[in-house]
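Listed below, chain by chain, are the residues.
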Amino acid sequence: MNKFVGYRCSLCGEEYSPADTTYTCPKDGGNLDVVLDYDSIKSKYKPEDILSRNDPSLWRFLPLLPVSEPEGESTPLHAAGGTPIFNLSRLAEKLGLQYLWLKDESRNPTASFKDRASAIVVARAQEIGAEVVVTASTGNAGAALAGMSAAVGQKAIIFAPKSAPQAKVAQLLVFGAKVILVDGTYDEAFDLTVKAADEFGWYCRNTGYNPFTAEGKKTAAFEIWEWWESTHQKWHEEVGMDVDHAPLTVFVSVGDGNIISGIYKGFRDLYQLGWLPRIPRIIGVQAEGSAAISNAFHGETETITPVSAKTIADSISVDLPRDGVRAVRAAKETGGTYVNVSDKEILKAIAELGKLGVFAEPAGAAAYAGLVKAASSGLIGSEDPILVLNTGSGLKDVRAAMRAVQSAPIIEPTLEAVKQLL
Ligand SMILES: Cc1ncc(COP(=O)(O)O)c(C=O)c1O
Ligand SMILES: [Zn+2]
């Protein structure tokens, strides 16, 4: 069954067949939504058919994806997704909330959310017989593309700003990708990658520019749906909680805006299939120094004005977000909003999550910092069930992690020195 029937432009609404275009709308450059044949999916599957598939990875949702699963078993590409959800009851109490969970995307094979997008793009690359896949990246998208490509023997080239944290660059190199460090910003690397892909005939994975990235990211929404259905069902049975009065709120950090757009697309797919009665409220969190999408949201416009981005959260440091319009809508159309957080608040969030056994990189912790702000400003109620995403591992940026904590004392190797210290 061919579920992938074409694309629809998010700006002008024009529809394209898969053969018409590869990246953005040829007319206006708008991001393209992948269109699936929902009627045919619905006629063939019920939610139970998918949820009972014996595969913990994102590939369990294959019937809702526009690609086929690459061949070969038990590679890292086949292990993307399926991340755990933890109950943060201790932090919930501190924030005056009753229900708080965290979905830990750092458990993906290359330790960030980006594996979801890269797994699907690599699958697409294999389908169309692309010899080389290329991407611009602040680090994580590249590491994910390099890792997923290595898993199935696909050639990958990564353009990253030379300022990318070392651990991310190390991942790119160890995964055997061709790594090109650009003496410039992520935005400059992005534009250069598009030009190079055009010139050399490479398949370009750039976030948002390639419509399949959001298709990978939407799988997180599928997992949230699956978890939420069983969680609120349990509430209903155990404490008689009225599900309709307790919609889920999801907090996600935002740079280019593709994760938030992808998650919204996932919920919309489920809604269109009639499998999700109510789309969760989505709250985007941006760094104060990189808030182009938040600015547009609060300016009540869809026009994204670039900023000169500066934040410790390198993964969400973006001058001109490449999926801004859809990202504004993801919050607007779900009753959500955008919250900005300072670098100081991000560092504090790293420390707080760490005390619960969750190690987040700055961009990952930003979502939790946004929740802290939203809780203290009354944006959310104490009974609202909340899910926060940690999108990347703290091991990705150890330098930032060390700024979030006090350094350890160094002592002489004597018991006397220990006594003095204590
Ligand atoms: C850890 C992490 N969090 C959040 C984001 C933001 O995702 P997007 O740029 O799609 O908004 C990224 C993107 O690189 C990331 O790596
Ligand atoms: Zn268009």
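Details of the structure are given in the entry above.
Residues numbered from 1 in each chain as written. Chains lettered and ligands numbered in written order. Predicted model: local features only at pLDDT ≥ 70, side-chain atom pairs only at ≥ 80, totals over all residues. Heavy atoms only, no water.

Novice: Pulling in residues and values, what's your account of the site of ligand 1?
Specialist: In the vicinity of ligand 1 lie 17 residues, with K114, G255, D256, G257 and T391 positioned nearest. In this structure, G257 approaches ligand 1 through a main-chain N or O atom, which is 2.7 Å from an oxygen atom. Between ligand 1 and N258 there is a distance of 2.9 Å, counted from an oxygen atom to a backbone nitrogen or oxygen. Residues of the shell around ligand 1, tallied by class, amount to four nonpolar, nine polar and four charged. (Near = heavy atom within 4 Å. Polar contact = N/O pair within 3.5 Å; in protein donor to acceptor, adjacent residues only side chain to side chain. Nonpolar A, V, L, I, M, F, W, Y, C, P; charged D, E, K, R; others polar.)

Novice: Mind laying out helix α9 (residues 258–272), listing which residues take part and the relevant values?
Specialist: Owing to its 3.6 residues per turn, the α-helix brings residues three or four apart onto one side. Here α9 is 15 residues long and its end C-alpha atoms lie 20 Å apart, about the 21 Å a rise of 1.5 Å per residue gives. With twelve of 15 residues buried, α9 is to be regarded as a mostly interior element. Among the residues trailing α9, G274 stands out with phi positive, at a value near 80°. (Helix = DSSP H or I, 4+ residues; strand = E, 2+ residues; numbered from the N terminus. Expected span 1.5 Å × (residues − 1). Buried < 20%, exposed > 50% of the residue type's maximum accessible area, 1.4 Å probe, protein only.)

Novice: Outline the pattern of salt bridges, listing residues and values.
Specialist: If you walk through the whole model with that rule in mind, you get 24 salt bridges. As a salt-bridge pair, K218 and D269 come within 2.6 Å of each other at their nearest N and O atoms. In this pair, K218 is assigned in helix α8 (residues 211–239) and D269 in helix α9, connecting sequence segments 51 residues apart. Summarising the burial analysis for this pair, K218 and D269 share the class buried. In this structure, the salt-bridge partner of D269 is K265, at a minimum N-O distance of 3.1 Å. With a gap of four residues between them, D269 and K265 both fall in helix α9, about one helical turn apart. Neither D269 nor K265 differs from the other in exposure class; each is buried. Members of the salt-bridge network, linked through shared partners, are K103, E105, R116 and E223. (Salt bridge = Lys/Arg side-chain N within 4 Å of Asp/Glu carboxyl O.)

Novice: Outline the nonpolar core, supporting the account with residue identities and numerical values.
Specialist: Core analysis: the largest hydrophobic core is formed by 94 residues, its most contacted members being W59 and I263. It is α8 that provides the largest number of residues to this core, a total of nine residues. Once you skip the residues sitting within four places of it in the chain, W59 turns out to touch R53, L65, V67, S68, E69, P70, L77, H78, A119, I120 and A123. If you look at the next biggest cluster of nonpolar residues, it comprises 37 residues, including F251, I312, V358 and V388. (Core = buried A, V, L, I, M, F, W, Y, C linked by side-chain atoms within 4.5 Å. Contact = heavy atoms within 4.5 Å.)

Novice: Account for the packing of aromatic side chains, with residues named and values stated.
Specialist: The final tally for this structure, using the stated rule, is 14 aromatic pairs. For the pair F200 and W202, a centre-to-centre distance of 4.9 Å together with 35° between the ring planes defines the contact as tilted. Judged by relative accessible area, W202 falls into the buried class, the value being 18%. Look at F297 and Y338: their rings are 5.5 Å apart centre to centre, the planes differ by 50°, and that puts the pair in the tilted class. A residue pair is termed long-range when its members are at least 10 positions apart, and F297 in helix α10 (residues 292–298) and Y338 in strand β12 (residues 338–341) qualify at 41 residues. For the pair shown, F297 and Y338 are each scored as buried. Members of the aromatic cluster, joined through ring pairs, are Y23, Y186, F190, Y203 and Y209. Here the basic side chain of R60 rests over the ring of F61, its NZ or CZ set 5.7 Å away from the ring centre. Between the NZ or CZ atom of R116 and the centre of the ring of F113, over which it lies, the distance is 5.5 Å. (Phe/Tyr/Trp six-rings, centres within 6.5 Å; stacked < 30°, edge-to-face > 60°. Lys NZ or Arg CZ within 6 Å of the ring centre and 35° of its normal.)

Novice: So, the coordination of the zinc ion (ligand 2): which residues are in play, and what are the values?
Specialist: The textbook angles at a metal center are 109.5 degrees for a tetrahedron of four donors and 90 or 180 degrees for an octahedron of six. At the metal site, the zinc ion (ligand 2) is ligated by C9 (SG), C12 (SG), C25 (SG), D28 (OD) and D28 (OD), and these contacts range over 2.3 to 2.4 Å. The motif formed by the donor residues of the zinc ion (ligand 2), counted along the single chain, is C-x2-C-x12-C-x2-D. Taken as a pair, C9 in strand β1 (residues 4–9) and C25 in the loop between β2 (15–16) and β3 (32–36) lie far apart in primary sequence, 16 residues in all. Exposure class is identical for C9 and C25. Each is buried. (Donors = N, O, S within 2.8 Å, 3.2 Å for Na, K, Ca; no water.)

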